[in-house]
Amino acid sequence: MTPELGQLALILALILSALQCVLPIVGAWRGSRPLMATGRSLAIGQFVFVALAFGILTWAFWINDFSVAYVAQNSNLTLPWYYRLAAVWGAHEGSLLLWMLILNLWTVALVALGGKLPQEFFSRVIGVLGFVAFGFLLYMVATSNPFVRILPAPPNGADLNPVLQDPGLTFHPPLLYMGYVGFSVAFAFAIASLLGGELKATWVRWARPWTNVAWGFLTIGIVAGSAWAYYELGWGGWWFWDPVENASFMPWLIGAALIHAQAITDKRGGLRAWTLLLSIFGFAFSLLGTFLVRSGLLTSVHAFAFAPTRGLFILVYLGVVIGGSLLLYALRAPRVTGGQSFALASRETMMVIGNLMLTVACAMVMLGTLYPLVGEALGIGRISVGPPYFGPLFLLLMTPLVLALPFGPLSRWGKADLKVWGRALVKIVVLAVAAGCIGFIAGARSFYQLLGITAAVWVMAGVALFAIKRWREAPAGKRYPFEMVGMMLAHFGIGVFIAGAILTRSMSVEQDVSMRPGSSVEVGAYDFQFHGVTETQGPNYRAQQGTVSITRNGKPVVALHPQKRTYAGGQVQTEAAIQAGIFRDLYVSLGDRIGDGAWSLRVYDKPFVRWIWGGGILMMLGSFAVVLDRRFRLKHAVEPETAHAEPEPVPPAKLADEHA
Amino acid sequence: MKRFAAIALLAFALTFASHAFAIDPLPFQSNAERLRFQHLTSELRCMVCQDESLLASNADFAKQLRRQIFDQMQQGKSDKEIKDWLVARYSTFILYDPPLATSTIALWFGTPAIFLIGAGVVIVLLRRRARPAATITEESGEDW
Amino acid sequence: MNEVARKSIGRFVPLLVFAVLVAFFVVGLIWNQSHDARFVPSPLINKPAPAFNLPRLKQPATSISKASMLGKPYLLNVFASWCFACGDEHPVLMAYRDKFGIPLIGYDYKDKPADARAWLERHGDPYHEVITDESGVTALDFGVYGAPETYLIDAQGIIRYKHIGPLTPEVIAKDLQPKIDALQRGGT
C-alpha cells in the first residue's frame, strides 16, 4: 500500500509545483499581494510531499520491500542497513528523487531566509524554482517512477553493485546534487531579475551567498567522488576526464567564474549582463550533466542505464528551460553598460582574465566531451577523446589564471598601484624560484615536479603577501572580513591543489609484482613485505585478505590488509589497503594467485595525493566562509527601489551608453 | 529488437567486465622502462571496457594487449610504431589522444578559436572601460 | 542607435549556440537508437585479411590458412564457449547456415578446444569448418576485441564487412546478405 502513497505524493507535488510556477509570477506581474504570497505555501507544500515520497522509498529499502521494482533491482537481504539506505539513490529513479528533494530543500531554505527580499522579486524567484521543479516532477511521474511494483514480489533482490557499497556512495551524490541543484538558486535570481526588468544589480548581492554555498558543495562533492574513485577503483588514479566527471566539472568552472563575476557586479556595478549569462550557464551545465548521464550518449562506467524516452525528455526540458532563459536574456538583458570603469591594471581586469580562462576551459571540456557525439552525428567516424587531450589543454589554459591569481587581491578596485604589483611580483618570483631550487636540491628533477613546486608556491606566496599587506594596512578589527578570509582560504587551496596534483603525477611510483609469502619489494624509501593470504568474512561477502607489512629503514610503518572480495551475487571486488598520510600514501592491492603460493600485488608510493583533496576542502571552506560576511545580512526588509543593505555600493558613474 | 540488442550488448560486455583492475607483473628491466609502459598503456583505450585505459582494465583483452605491447617494447619498437600497429587493427578509437586529422580539426583548433574570440571580447571590454586616472575614486577604507 | 542594435544581436549569440548544441543532441539521440555506441568500425574493411594458419577444431593435426581459402568468399564467425552472447547468436547461425550461400567458418577464440567441442555438441554445430585460436594472437591481427564478431571475406581474401556483436535476422537481411549476394555476382 505505502509505495502507492509515494506515487500519490509525487503527483500531488507535481500539481503544487505547477501552481508554484504560475501563481507567484502572475502575482508579481499583476502586483497582487495575495497571489504572490501563495509562493511560500506552495513551496512548503511541495517540499512536504516530495519529502514524504522520499521517506516512503527509504522505508521500502529499510524493510526490504522487494515488491517495489526499484528496491528489488538495487538491494538485497544481505546488504548492510547503511548501504540499503544509500541505495535509495543508487540508480536512476532514486537519484532523481534525491535531486527533487534537494531542490526542495534549497527552495524551502530560500523561503525561510529570504523573507526580507522585496516580495515581487522573491515571488518570481519562487516561481522560477517552481518551473524547474515542475519539469523534473513531470519527468519522474511520466518516465521514471521509483514506486513501480513487481508482483509477485521476488524473495530477494539483486545486489547493489559492489563498487557502490562504500561510504563514498553515501556522501558523493548528495553533496554533488547540493551543488548542482544549488545553482538553480542563482539561476532563479537571474531569471527573476530579467522578468522584472530590474535596472539595478542589487539582486546580485542577494544571490551571492546562495551561489557560494552551492559552489562549495559542488567542490566537496567532486572531491568526494575523486577520493572515492582513488581508493575504490584501485589503480591510484583520482581524475580520468571521464565524460560524467566532466559533466560535474563544467558547472564547477562556470560556478567559479560566476562567483567572481558576481563580486564585480555587486561591488562595482559592472558586468551585469555577463553575470546574468553566467548564472544561466551555471544551471544549464548542471542540467546538461543530468541529461548526459542518463541519455545513453556517453560511454562511461558512471552512466545510468538509459532508455530513449528518458534522454529525450530531459533534452526537451533542457531546451525549454535554458532556451527560454537565453531567449529572455536576448530580449531583456540590460542594454546599458553600467558600473564603474576600471583601468587596464586593476583588480577587475585580473578577475576578468580569470573569468575568461575558466569559461574557455569549460568550453574546452565541453568540446572534448561532446566531440565524439558530434562525430557520430555528422558521420565523421568514432573519435576518441581522453586525458591526453584534456590534461595538457587544461594546464595551458590555467597558466594565465595562476599567473594572475596573486595580483587580483593585491590590487585596488579600479586601478592597481603598479609599484605594489612590482614589489609583490619580485617577492613572489623569488619565493617560487627559491622553492624550485630547494626542490631540485631535494631531488626533484623532472619538469613537472619543478613546475608543480613553483606554481604552488607562486599561488601560496601571493595569498601570504596579501595577508601580510592587509595586516599592516587595515585598521585592527577590520582586517579580515569573512569575505576576504574566504577568498584567502580558497586561493590558498588552489595552491595546495596544484602541488598535490602535479607532484602526485610526477612522483608516484607504482609497481606490479609477483610475491611469495616472505618476500619483499622496495618502493622508494619503503620496504613492502608480503606475508601471505588468509580467508575472512564480511556481512555480505567472503574475502581473501593479504597481509603486507611496510618498513622504512628497518622501522615498521604499518601493516596493510588488501582484500579480494566475492559478494553474494558473485561479483568480485578488490579492496585496496591504503596507509593515508599527509605527505604520502602507501597503497597495496591484491591481484591473483599465480601458482606456487605466489600472488600478484600492486604497490604504490603516492606522494602528496591528499593535497589534491585538501586543496578542494580549503576551497569549499573558503566559499562557505564568504557567506558569513556582514555584507550579506539583510537587517531590515528591503524595498525594491532602495535596495541597499550595507555598505552601499558606490553608485555607478554613468548609466548611459559609453561611447569613445 | 532494441531490447535484444541491449541485452546482447550487456552480455557481450559482461563477458569481460569486472571491477577489479589489472595487476600484471611484467619483467621490466628498468624503472624507466616501466614508466614508459605505464605511460603508453594509460593513453590507450581498452576496447572492451571502453571507459578504462589499457593500463587499468582487468579485461582479458587488455591483459593480452599489454603483453603484446610489452613484447614489442622488448623488440625495440618505438611508441609510435606500437601505436601504429594498434591503430591498423583497432582504428584510432584505441587512442585516447585524438590524432590531428581533418575529422579532428574542430576539436584541436576549437579551443584556441574560442580563446581568441573570448580574448577579443575581453580586450574590447577593457578598452571601453579604461579611463584616465582622474575618474577613479580614491575612496579610503573600503577597498574591499 | 547603431551601438544598441549591435549589442542586441550579440545578445542572441548564446541562444543560437545553444540551439545548435541541442540540434546535435537530437541527432545524437536519434543516431543512438539505431546504432550501438560500443561497436567501433573496423579499419580493416576493404583491406586484406591478415594471414592466418590455424588448426581445425575437429582434426587439430590439419589446419586452414588464408591461402587455402582463397578463390571463394566465406564468413568467419568469432565465437567461444565462454561467451554469453554467442549463445544468443547461435540459433540464428543454425537457421541461416545454409541460407548464406557461402561457407560459415567458426573461429574459436581464446577457448580450450575441449570446451569448444563440448559447447558445439551441446548446442549444435552451425559451422562448415571450425578453426581454433587458443592464444588469441592471430585474432589481434583481425582486430578482434570480443565475441561474437563476424567477418565477410571475399575470394581475394579482402575483408568486405565486419559485424560486432551477435548476428540477428535484421542485420543479415539488411547488411550482410546483400553484401554476400553482391560478391557472388562478382561485384564487391
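Residues numbered from 1 in each chain as written. Chains lettered and ligands numbered in written order. Predicted model: local features only at pLDDT ≥ 70, side-chain atom pairs only at ≥ 80, totals over all residues. Heavy atoms only, no water.

### Points about the overall build of chain C
Spelled out, the test is: In DSSP terms, a helix is any run of H or I states spanning at least four residues, a strand is any run of E spanning at least two, and both are numbered starting from the N terminus. Categorising residues by exposure relies on relative accessible area from a 1.4 Å probe, with only protein chains included: less than 20% of the type maximum marks a residue as buried, more than 50% marks it as exposed, and the intermediate range marks it as partly exposed. By definition, residues are in contact when any of their heavy atoms lie within 4.5 Å.
Tallying secondary structure elements over chain C gives six helices and seven strands in all. The helix and strand sequence of chain C, counted from the amino end, reads α-β-β-α-β-α-β-α-β-α-β-β-α. Within the span of chain C, comprising 188 residues, buried residues form 54% of the whole. Sequence separation of 24 or more characterises 72% of the internal contacts of chain C that already satisfy a separation of 6 or more.

### Examining the overall build of chain B
Using the following cut-off: Using a 1.4 Å probe, accessible areas were evaluated by the Shrake-Rupley method; residue-level cover was limited to the displayed protein chains.
The helix and strand tally for chain B stands at five helices and zero strands. Going residue by residue from the N terminus, the α and β elements of chain B occur as α-α-α-α-α. Across the 144 residues that make up chain B, the buried fraction comes to 48%. For chain B, the proportion of contacts with a sequence separation of at least 24, taken over those separated by at least 6, is 55%. Only carbon and sulfur atoms are counted for the fraction: they give 63% of the accessible area of chain B, which is about 6,900 Å².

### Some words on the pattern of salt bridges
For the record, the criterion: Any Lys or Arg side-chain nitrogen located within 4 Å of an Asp or Glu carboxyl oxygen qualifies as a salt bridge.
Within the structure shown, the criterion is met by 27 salt bridges over all chains. In this structure, A:Asp605 engages A:Arg584 in a salt bridge whose closest nitrogen and oxygen atoms are separated by 2.7 Å. You can see A:Asp605 sitting in strand 10 (residues 599-607) and its partner A:Arg584 sitting in strand 9 (residues 584-593), a full 21 residues away along the chain. Judged by its relative accessible area of 3%, A:Asp605 is buried. For the salt bridge of B:Lys83 with B:Glu43, the shortest nitrogen-to-oxygen distance reads 3.6 Å. Note that B:Lys83 is positioned in helix 4 (residues 79-90) and B:Glu43 in the loop between helix 2 (31-42) and helix 3 (60-74), a separation of 40 residues in sequence.

### Considerations on unusual backbone geometry
Most peptide bonds adopt trans geometry, and most residues besides glycine take a negative phi value. The linkage connecting A:Leu151 with the following residue, A:Pro152, adopts the cis geometry, with an omega of 0°. Among the secondary structure elements, A:Pro152 is positioned in the loop between helix 6 (119-143) and helix 7 (167-196). Note that the residue after C:Ala147, namely C:Pro148, is joined by a cis bond; omega there is -5°. Note on placement: C:Pro148 falls in the loop between helix 5 (137-142) and strand 6 (149-153). Positive phi, normally seen in glycine, also occurs at A:Asn553, with a value near 50°. Here A:Asn553 lies in the loop between strand 4 (541-552) and strand 5 (555-560). The residue C:Lys110 is not glycine, and still its phi comes out positive at about 50°. For C:Lys110, the location among the structural elements is in the loop between strand 4 (104-109) and helix 4 (113-123).

### What about the state of the cysteines?
Residue and element names in this part refer to chain C. Condition: The term disulfide is used for any two cysteine sulfur atoms that are within 2.5 Å.
For the structure on display, the rule yields one disulfide over all chains. Cys83 shares a disulfide with Cys86; S-S distance 2.2 Å. Given an S-S torsion of about 90°, the disulfide between Cys83 and Cys86 has right-handed geometry. With relative accessibility at 3%, the residue Cys83 sits in the buried group. Under the relative-accessibility criterion, Cys86 is labelled buried at 1%.

### So, the confidence of the model for chain C
All names here are of chain C. To keep it simple, the criterion reads: Per residue, pLDDT captures the predictor's confidence, and it can take any value from 0 to 100.
In this model, chain C carries a mean pLDDT of 88, and residues with pLDDT of at least 70 account for 92%. For the stretch residues 1-6, pLDDT sits under 50, and the model shows five contacts to residues farther than four places along the chain or on other chains. Interface scoring of the predicted complex returns ipTM 0.87; its pTM is 0.91.

### Focus: the nonpolar core
Side chains of nonpolar character tend, in soluble globular proteins, to be buried together. Short version of the rule: Take the buried residues of types Ala, Val, Leu, Ile, Met, Phe, Trp, Tyr and Cys, join any two whose side-chain atoms come within 4.5 Å, and each joined set is a nonpolar core.
One finds A:Trp106 and A:Phe189 to be the most contacted residues of the largest nonpolar core, which totals 168 residues. In this structure, B:Met47, C:Leu75, C:Tyr161 and C:Ile164 belong to the second largest nonpolar core, which totals 74 residues.

### Focus: the packing of aromatic side chains
Residues and elements named next belong to chain A. For clarity, the threshold we go by: Classification of ring pairs rests on two measures: the distance between centres of Phe, Tyr or Trp rings, Trp counted by its six-membered ring, which must be within 6.5 Å, and the angle between planes, read as stacked under 30 degrees, edge-to-face over 60 and tilted in between.
Applying the stated rule across the entire model yields 47 aromatic pairs over all chains. On the numbers, 6.1 Å between centres and 50° between planes, the contact of Phe583 with Trp611 is tilted. Of this pair, Phe583 sits in the loop between strand 8 (577-579) and strand 9 while Trp611 sits in helix 17 (residues 609-626); the two residues are 28 residues apart in sequence, bridging distant segments of the chain. With relative accessibility at 22%, the residue Trp611 sits in the partly exposed group.

### Structural notes on the sheet that holds strand 8 of chain A
Residues and elements named next belong to chain A. Worth spelling out the cut-off: Paired strands, as defined in this entry, are two strands with at least two bridges between them according to DSSP. Angles here are taken between N-to-C directions and fall from 0 to 180 degrees, while the axes themselves are lines fitted to C-alpha atoms, restricted in helices to the stretch in contact.
Read across the sheet, four strands follow the order 1-10-9-8 without closing on themselves; strand pairing throughout is antiparallel. A single partner strand is all that each edge strand has here, and the edge strands are strand 1 (509-515) and strand 8. For this sheet, the mean inter-axis angle between neighbouring strands, taken without regard to orientation, is 15°. Alignment of strand 9 against strand 10, held across eight bridges, turns out to be antiparallel. Within the sheet, the bridge partner assigned to Ser589 lies in strand 10 and is Arg602.

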